[in-house]
Structure formats: structure tokens, C-alpha cells
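As a plain string of letters, each chain reads:
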Amino acid sequence: MNSLQMQFEQQETPSVMAHGAKSREMAEVQSQIFLAKQFPRNEVQAEIKILNACKRKSLAETALYSYPRGSTTVTGPSIRLAEAIAQYWGNINFGIKEVEQKNGISTVVAYAWDMESNTRQEKVFQVKHERYAKGKMTKLTDPRDIYELTANNGARRLRACILGVIPGDIIDNAMAQCQQTLQSAYEEPLKDRVIKILQWFQKQYGITQEMVEARLGHNIESFTEQDFVTLRSINQSLKDGMAKREDFFKIVEHKEAPKTSLDQQFKEGEQNATQQG
């Protein structure tokens, strides 16, 4: 085999492999569309399955997020709820794909495709391999760090794509069921749950009890179940990167940890529970 022939085969192989992968992908999509037409969803049964899933406490706890918009607070379904709805709605192909990685930037596609109606939502975006932490920007080189970064950035786009192909009333009903589940699912007293989530806010985000009370307009002794649901929604929004803490709270930096009665109240609650037991 001469050098010219070897060079030609080296150039041809990637093209042949890419063409083969594309052909397999097209065949897979065609088979999915065929199956969706052969076995269409039963919308009534699909909605029942979605609402039953929303009765699970584990899903309801991560199902909602909220963020301020002007003088109002917007509440919406998180990526976890969107994925659950898509799975039970059925015949929907959705996901995130990295189509190119070049010069420290990943080009990524988030998509959702209803195989029955042929309705498709797609969002193409780029992610720089950088992470901002502790006041400085760090370039990422570890493949795992890059994967996690693109996945986190893709989650918000994927959520929007899924919600774009699901009927709005199905989403609204699922959110309402999740709120109802949260309000009725807890055996632990509301006071103890409030103390725990405020401790989490302070430890994880530097959000103090005073900031939360200022946000909700009353002290923790007056918190209701709806206030607890609101705090869980804010926490989910911060975890999903839908908003920043400054969007919800007036941040006051302390050189030392502010004095708070949370730890004392939590200890008293544990002591009382032990004595009663």
C-alpha cells in the first residue's frame, strides 16, 4: 500500500464513521416515530399517572421553583418535574447533546420532540469551560468538570424545551398537585421544618433568618405552611441556578456570624422530643 492510498484511507475513515452514525440515528428516529403512531398516548391515563407521581413527597419537594419578577413572584415547574411529566406523557424524545468542543467552549443542543404531533423545541447554546468561585474565574480542564458544567447549563434549556411541547393545563395541574402534596405530607411539626430550612439557607447560601423574615414580611413564629412551600421553592430555584440569592433577599454581609436563636430553638425541640419519647 503506497503512502497516497494510506493518506486517502485515513481521511476517508472519519467521514465514513460519521455517515454511519448519522444513518443509525436517522433509523432510530424513524422507528420511534413509527412506534408513536402505532401506540398513541391515552391523554386521560397519562394525566392520571402524572398526578399520581406528583403525590410522591420526594418528587413534590423538588418540583417547584420561584423567582421575583417586578413586584410579583413567579412560580414554575423545575427540571425534575418537567422530566417526570415528559416521561409519563409519553412518546417524547428529549435530552442534551454536546455537538462540538473547541477552544475551551462547548456547543450544546437541548431538545424535546413530541413524536406523535411532530412538535419540536430546540435550543442551541455555548458554554465556556470556566467557573466563577471565590471572586475569581477558573478555567476547567477536567472532562468531568466540563461535563457537569454543560449539564447544569443545559438543564434550564431542556426544561424550557419540554414545557414547550406539553399542554399548559397538564403542567398547571401537576404543579397544583405538588403544592397540595407538600402541604399535607409532613409529619414533622412546621416549626421544626422551618428551623431546619433556615439553618440550611444560612449554611449553604449565607442567607440569615433576618433576611428571610424581611422577605416574607413576618417573623418565623408566624410562618405558615405556604411560607414553608415558598422557601422550598426558593431553595430549588437557587439549586437549579434559575435565580441568585440577591433576587430574593437584601443581602447584608457580616464579618462574624450573626446571633440567631435557630440553634437554640432546634436543640430545645430535640430535647423535648427526647423527653416525650
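Shown above is the structure to which this text applies.
Draft legend 1. Representation of the overall build of the chain in the model. Helices and strands together make up the secondary structure of the chain, namely 11 helices and seven strands. For the chain, the residues scored as buried account for 36% of the 277 residues in total. Long-range contacts, defined as pairs at least 24 residues apart, comprise 61% of the intrachain contacts of the chain with a sequence gap of at least 6.

Draft legend 2. Focus on helix H8 (residues 209-216). Inspection of H8 places Gln209, Met211, Val212, Glu213 and Leu216 among the buried residues, and these make up the whole buried set. Gly217 sits one or two positions beyond H8 and adopts a positive phi of about 90 degrees.

Draft legend 3. Examining the pairing of strand S3 (residues 92-102) more closely. Strand direction decides the pairing type here: S3 and strand S4 (residues 105-114), joined by 10 bridges, are antiparallel. Looking at S4, one finds that Ile96 is bridged to Ala110. Two successive antiparallel strands, S3 and S4, enclose a turn made up of two residues, where Asn103 displays a positive phi of approximately 55 degrees.

Draft legend 4. Layout of the pattern of salt bridges. Under the definition given, this model contains eight salt bridges. Its salt-bridge partner being Lys139, residue Glu130 comes within 3.2 Å of it at the nearest N-O pair. For Arg144, the salt bridge is made with Glu148, and the minimal N-O distance between the two is 3.5 Å. Of this pair, Arg144 and Glu148 both sit in helix H5 (residues 143-165), four residues apart, roughly one helical turn.

Draft legend 5. Highlighting the state of the cysteines. Applying the stated criterion across every chain yields a total of zero disulfides. Cys178 supplies the cysteine sulfur nearest to Cys54, a cysteine that is in no disulfide, at a spacing of 3.6 Å. Take Cys54: its relative accessible area is 1%, and that puts it in the buried class.

Draft legend 6. Focus on the nonpolar core. With 58 residues, the main nonpolar core has Leu81, Ile166, Phe201 and Val212 as its most contacted residues. With residues up to four places along the chain from it excluded, the contact list for Ile166 reads Ile85, Ala86, Trp89, Ile92 and Ile171.

Draft legend 7. Spotlight on the packing of aromatic side chains. The tally for this structure, following the rule as stated, stands at four aromatic pairs. Aromatic side chains Phe201 and Tyr205 sit 5.9 Å apart centroid to centroid with 85 degrees between the ring planes, which places their arrangement in the edge-to-face category. Highlighted residues: Phe201 and Tyr205, both in helix H7 (residues 190-205), separated by four residues, approximately one helical turn. Tyr205 shares its class with Phe201; the two are buried. Ring centres of Phe201 and Phe249 lie 6.2 Å apart, and the angle between their planes is 80 degrees; on these two criteria the pair is classed as edge-to-face.

Draft legend 8. Quick look at a nonpolar patch on the surface. Among the surface-exposed residues, Phe34, Leu35 and Phe39 lie close enough to one another that they form a single nonpolar patch of about 360 Å² accessible area. For Phe39, a relative accessible area of 59% puts it in the exposed group.

Draft legend 9. Representation of the packing of helix H2 (residues 43-53) against helix H6 (residues 168-184) within the structure. It is the contact of H2 with H6, at a shortest axis distance of 9 Å, that shows an interaxial angle of 30 degrees. It follows from the interaxial angle that H2 and H6 lie roughly parallel. In the packing of H2 onto H6, the handedness of the crossing is right-handed. Here Glu47, Ile50 and Leu51 of H2 lie close against H6, whose contacting residues are Ile170, Asn173, Ala174 and Gln177.

Reading guide: rules and limits
- Counting restarts for each chain: residues are numbered from 1 in the order of the written sequence.
- Totals for whole chains, interfaces and linings use all residues, but because this is a predicted model, local features are given only for residues with pLDDT of at least 70 and pairs of side-chain atoms are given and counted only at 80 or more.
- To get the side-chain values, all heavy atoms of the structure are used, and hydrogens and water are removed first.
- The helix count covers DSSP runs of H or I at least four residues long, the strand count covers runs of E at least two residues long, and both are numbered beginning at the N terminus.
- Relative accessibility thresholds used throughout: buried, under 20% of the residue-type maximum; exposed, over 50%; partly exposed, between the two (1.4 Å probe, protein chains only).
- When checking whether two residues touch, look at their non-hydrogen atoms; a contact exists if any pair is within 4.5 Å.
- Following DSSP output, two strands are said to pair if at least two bridges run between them.
- The rule for a salt bridge is simple: a side-chain nitrogen of Lys or Arg has to be within 4 Å of a carboxyl oxygen of Asp or Glu.
- Only a pair of cysteine sulfur atoms within 2.5 Å counts as a disulfide in this structure description.
- Residue types Ala, Val, Leu, Ile, Met, Phe, Trp, Tyr and Cys, when buried and joined through side-chain atoms within 4.5 Å, form a set referred to as a nonpolar core.
- In this analysis, rings of Phe, Tyr and Trp, with Trp reduced to its six-membered ring, are considered paired at centre separations within 6.5 Å, and the interplanar angle assigns stacked below 30 degrees, edge-to-face beyond 60, and tilted for intermediate values.
- Like charges are joined within 9 Å and nonpolar side chains (Val, Leu, Ile, Met, Phe, Trp, Tyr) within 5 Å, but only among residues with over 30% relative accessible area and no salt bridge; these make up the patches.
- The method behind every accessible area is Shrake-Rupley, applied with a 1.4 Å probe, and residues are considered shielded solely by the protein chains displayed.
- Fitting a line to C-alpha atoms yields each axis, with helices limited to the stretch in contact; the angle taken between N-to-C directions then spans 0 to 180 degrees.
- Roughly parallel means an angle under 35 degrees; roughly antiparallel, over 145; roughly perpendicular, 65 to 115; everything else is oblique.
- Crossing handedness is defined as follows: a turn of the near helix away from the far one that is anticlockwise and smaller than a right angle gives a left-handed crossing, while the clockwise case is right-handed.

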